Amino acid sequence: MKILAFESSCDETAVAVVEDGRTVLSDAIASQADMHALYGGVVPEIASRKHVEAIAALMEQALKDANCTRADIDAVAVTYAPGLIGAVLVGLSFAKSVAFAWDVPLIPVHHVRGHIAANYLAFPDLEPPFLALAISGGNTLIMDVKGYTELQVLGATRDDAAGECFDKAARVLGLPYPGGAPMDALAQQSQGGVYKLPHVHVEGAELDMSFSGLKTAVVNLAHHAEQVGEPLNRAALARDFAQAVSDALVPRAMQAASLAGRKVLVAAGGVAANSVIRGDLERACERQGYRLYLPPLKLCGDNGAMIGAQGYYEYLAGHTAGMNLNAYATRDIAVG
Ligand code: KG4
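Residues numbered from 1 in each chain as written. Predicted model: local features only at pLDDT ≥ 70, side-chain atom pairs only at ≥ 80, totals over all residues. Heavy atoms only, no water.

## Let's talk about the overall build of the chain
Point 1. In terms of regular secondary structure, the chain is built from 10 helices and 10 strands.
Point 2. Taken over the C-alpha trace, the chain has a radius of gyration of 20 Å; the compact-globule value for 336 residues is 20 Å, and the two agree within 12%.
Point 3. Viewed in the frame of its principal axes, the chain has a C-alpha envelope of about 65 × 45 × 30 Å.
Point 4. Relative to its 336 residues, the chain shows a buried fraction of 55%.
Point 5. Taking the contacts inside the chain whose residues are at least 6 apart along the sequence as the reference set, 74% of them involve residues at least 24 apart.
Point 6. Computing the positive centroid from 25 side-chain charges and the negative centroid from 36, the chain places the two 2 Å apart. (Helix = DSSP H or I, 4+ residues; strand = E, 2+ residues; numbered from the N terminus. Rg over C-alpha atoms; globule rule 2.2 N^0.38 Å. Buried < 20%, exposed > 50% of the residue type's maximum accessible area, 1.4 Å probe, protein only. Contact = heavy atoms within 4.5 Å. Lys, Arg positive; Asp, Glu negative; His and termini not counted. Charge placed at Lys NZ, Arg CZ, Asp CG, Glu CD.)

## Describing the packing of aromatic side chains
Two descriptors summarise a pair of aromatic rings, namely the distance from one centre to the other and the angle between the planes of the rings.
Point 1. Summed over all chains, the structure comprises 9 aromatic pairs.
Point 2. Ring plane angle 65° and centroid distance 6.3 Å describe the contact between Tyr-120 and Phe-130, whose orientation is recorded as edge-to-face. Residue Tyr-120 is found in helix 4 (residues 111–122), and its partner Phe-130 is found in strand 6 (residues 130–135); the two are separated by 10 residues along the sequence.
Point 3. On the accessibility criterion, Tyr-120 (1% relative accessible area) is buried.
Point 4. Consider the rings of Tyr-120 and Tyr-313, whose centres lie 5.5 Å apart with planes at 70°: the pair is edge-to-face. With Tyr-120 in helix 4 and Tyr-313 in helix 10 (residues 305–316), this residue pair connects regions lying 193 residues apart in the sequence.
Point 5. With relative accessibility at 9%, the residue Tyr-313 sits in the buried group.
Point 6. The structure contains a cluster of three or more aromatic residues connected by ring pairs, namely Tyr-120, Phe-130, Tyr-148, Tyr-312 and Tyr-313. (Phe/Tyr/Trp six-rings, centres within 6.5 Å; stacked < 30°, edge-to-face > 60°.)

## What to know about the sheet that holds strand 1 (residues 2–7)
Point 1. In spatial order, the strands read 3-2-1-4-5; together these 5 strands make up an open sheet with mixed pairing. In the strand order of this sheet, the two ends are held by strand 3 (23–31) and strand 5 (106–110), each with one partner. Averaged over all neighbouring strand pairs, the angle between strand axes comes to 20°, with direction disregarded.
Point 2. Examined bridge by bridge, strand 1 and strand 2 (residues 12–19) share 6 bridges and lie antiparallel to one another. (Pairing = 2+ DSSP bridges. Axes fitted to C-alpha atoms, helices over the stretch in contact; angles between N-to-C directions.)

## Focus: the environment of Ile-135
Point 1. Position of Ile-135 relative to the elements: it lies in strand 6.
Point 2. Residues Ile-135 and Ile-116, spaced 19 residues apart in sequence, show a C-alpha to C-alpha distance of 9.9 Å.
Point 3. Setting aside its immediate chain neighbours within four residues, Ile-135 contacts Thr-140, Ala-162, Leu-249, Ala-268, Gly-269, Gly-270, Val-271, Ala-272 and Ile-277.

## Notes on the site of the ligand
Point 1. Around the ligand sit 21 residues, and of these His-111, Gly-137, Asp-167, Gly-270 and Asp-302 come closest.
Point 2. Between His-111 and the ligand, the recorded distance is 2.8 Å, taken from a side-chain N or O atom to an oxygen atom.
Point 3. Between a nitrogen atom of the ligand and a side-chain N or O atom of Asp-184, the distance comes to 3.0 Å.
Point 4. Contact with the protein chains hides 87% of the accessible area of the ligand, taken as 550 Å² for the molecule alone.
Point 5. Contributing elements (two or more residues each) for the shell around the ligand: helix 4, helix 5 (162–172) and helix 6 (180–187).
Point 6. Taken together, the residues of the shell around the ligand sort by class into 6 nonpolar, 12 polar and 3 charged.
Point 7. Two domains each provide a minimum of three residues to the shell around the ligand, namely domain 1 (2–116 + 302–316) and domain 2 (128–298). (Near = heavy atom within 4 Å. Polar contact = N/O pair within 3.5 Å; in protein donor to acceptor, adjacent residues only side chain to side chain. Areas by Shrake-Rupley, 256 points an atom, 1.4 Å probe, with all protein chains shown as cover. Nonpolar A, V, L, I, M, F, W, Y, C, P; charged D, E, K, R; others polar. Domains from an automatic or database assignment.)

## A few points about the domain arrangement of the chain
Point 1. Once the domains are mapped, the chain shows domain 1 (2–116 + 302–316) and domain 2 (128–298).
Point 2. Averaged C-alpha coordinates put domain 1 and domain 2 at centres separated by 27 Å.
Point 3. Taken residue by residue, the interface counts 18 residues in domain 1 and 18 residues in domain 2.
Point 4. Roughly 1,300 Å² is buried in total at the junction of domain 1 and domain 2, and carbon and sulfur atoms are behind 66% of that figure.
Point 5. Connecting domain 1 to domain 2 are 0 salt bridges.
Point 6. Linking domain 1 with domain 2 are 5 residue pairs in polar contact (both at pLDDT 80 or more).
Point 7. Looking at which element gives the most residues to the side of domain 1 that touches domain 2, the answer is helix 4, with 4 residues.
Point 8. Among the residues making up the side of domain 1 that touches domain 2, the classes are represented as 8 nonpolar, 6 polar and 4 charged. (Buried area = accessible area lost by both parts, 1.4 Å probe. Salt bridge = Lys/Arg side-chain N within 4 Å of Asp/Glu carboxyl O.)

## Thoughts on the sheet that holds strand 6
Point 1. Reading across the sheet, the 5 strands line up as 8-7-6-9-10 and stay open at both edges, with mixed pairing between neighbours. For this open sheet the edge positions go to strand 8 (150–156) and strand 10 (291–293), each flanked by a neighbour on one side alone. On average, each strand axis in the sheet is inclined to that of its neighbour by 25°, with strand direction left out of account.
Point 2. Bridge count for strand 6 against strand 9 (residues 264–268) is 4 bridges, and the pairing is parallel. Residue pairing in the sheet places Leu-133 in a bridge with Ala-267 of strand 9.

## Points about helix 5
Point 1. Within the sequence span of helix 5, burial applies to Ala-162, Gly-163, Cys-165, Phe-166, Ala-169 and Ala-170. The buried residues of helix 5 occupy an angular sector of 155° when the element is viewed end-on, so they sit on one face.
Point 2. Contacts from the buried residues of helix 5 go to strand 6, strand 7 (140–147), helix 6, helix 7 (212–228), helix 8 (234–260) and helix 9 (275–288).
Point 3. Following helix 5 by one or two positions, Gly-174 has its phi on the positive side, about 80°. (Arc of directions from axis to C-beta.)

This is the structure we're talking about:
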């Protein structure tokens with residue numbers, strides 16, 4: 001079954017063709033990151049307009065790269081939530097039109113389910129159940145993935161997402177948007193252990209996280225150094241910051257796996273590209289004897305193929321939608 005998949009929830013317009021949920025036939029992406037870098041973050045209105053400009057040509061490219069015509073496409077999958085509402089609406093409206101015009105099923109896909117499904121593309125042997133740590137610019141979730149379309153949230157951030165926190169901290173350190181990757185590169189120049197940053201703790205909810213205090217601590221530290229004229233060890237701060245984020249995520253993911261009785265752990269989302277977090281996950285899983293799946297870097301960020309992968313399993317579960325399908329800025333991943 002060949003699925004044409006659309007993703008437009010933030011600042012990447014992406015269209016892919018995926019076969020049977022596991023084989024990527026094409027994966028066309030147009031990133032707007034350079035444009036938003038001028039403003040230090042994503043400007044929602046600009047993101048929506050850029051999606052409108054890019055999406056039709058990207059679909060043509062995805063079909064051409066996959067050596068397909070419209071007659072080869074069996075269904076259309078699309079991110080319908082969560083994300084910037086205007087941005088999601090562009091992809092959703094376009095995908096609806098295509099499904100209607102070509103008379104094929106329309107499959108709604110939750111963006112974070114898509115991030116997890118990126119691993120199905122990289123690892124043919126991976127099947128649920130497993131424990132998933134989904135960490136991106138807009139979401140931070142620890143989930144028990146009981147089946148392809150049956151997910152239970154065990155822990156979540158109470159405020160900022162991990163990626164958002166990386167982006168804000170990077171901005172304070174004078175790094176360009178999106179700041180996660182440059183922060184990671186800077187952090188690799190230091191062993192850290194210089195700056196004391198707060199440890200995340202949510203009273204009464206041991207698997208939940210909060211990143212806003214950590215973000216504020218970095219902002220205050222940098223501003224204080226500037227005010228008193230102290231030199232800031234930027235590489236050490238980047239390293240200590242990444243460690244603080246990792247210390248919030250990795251032990252909780254391990255604890256959740258143990259509570260859920262899972263011995264397989266899967267990472268997903270843009271922040272899963274982080275070298276400190278990847279290293280910590282590898283060591284923790286090795287200690288516990290858990291099998292760890294880390295997506296290749298190019299499948300960590302937003303892409304269309306991951307939506308095609310999850311779309312296939314949503315379709316098998318009977319999850320298709322009519323032309324009244326709406327877009328949502330937030331949406332419970334367990335609902336789908
Ligand atoms: O998954 P993604 O592309 O978009 C969302 O669905 O949100 O994630 C983007 C986020 C950004 O916040 C970006 O700074 C972060 O992933 N990111 C990283 C790294 N690479 C990207 N964060 C930490 N370390 C990285 N190496």
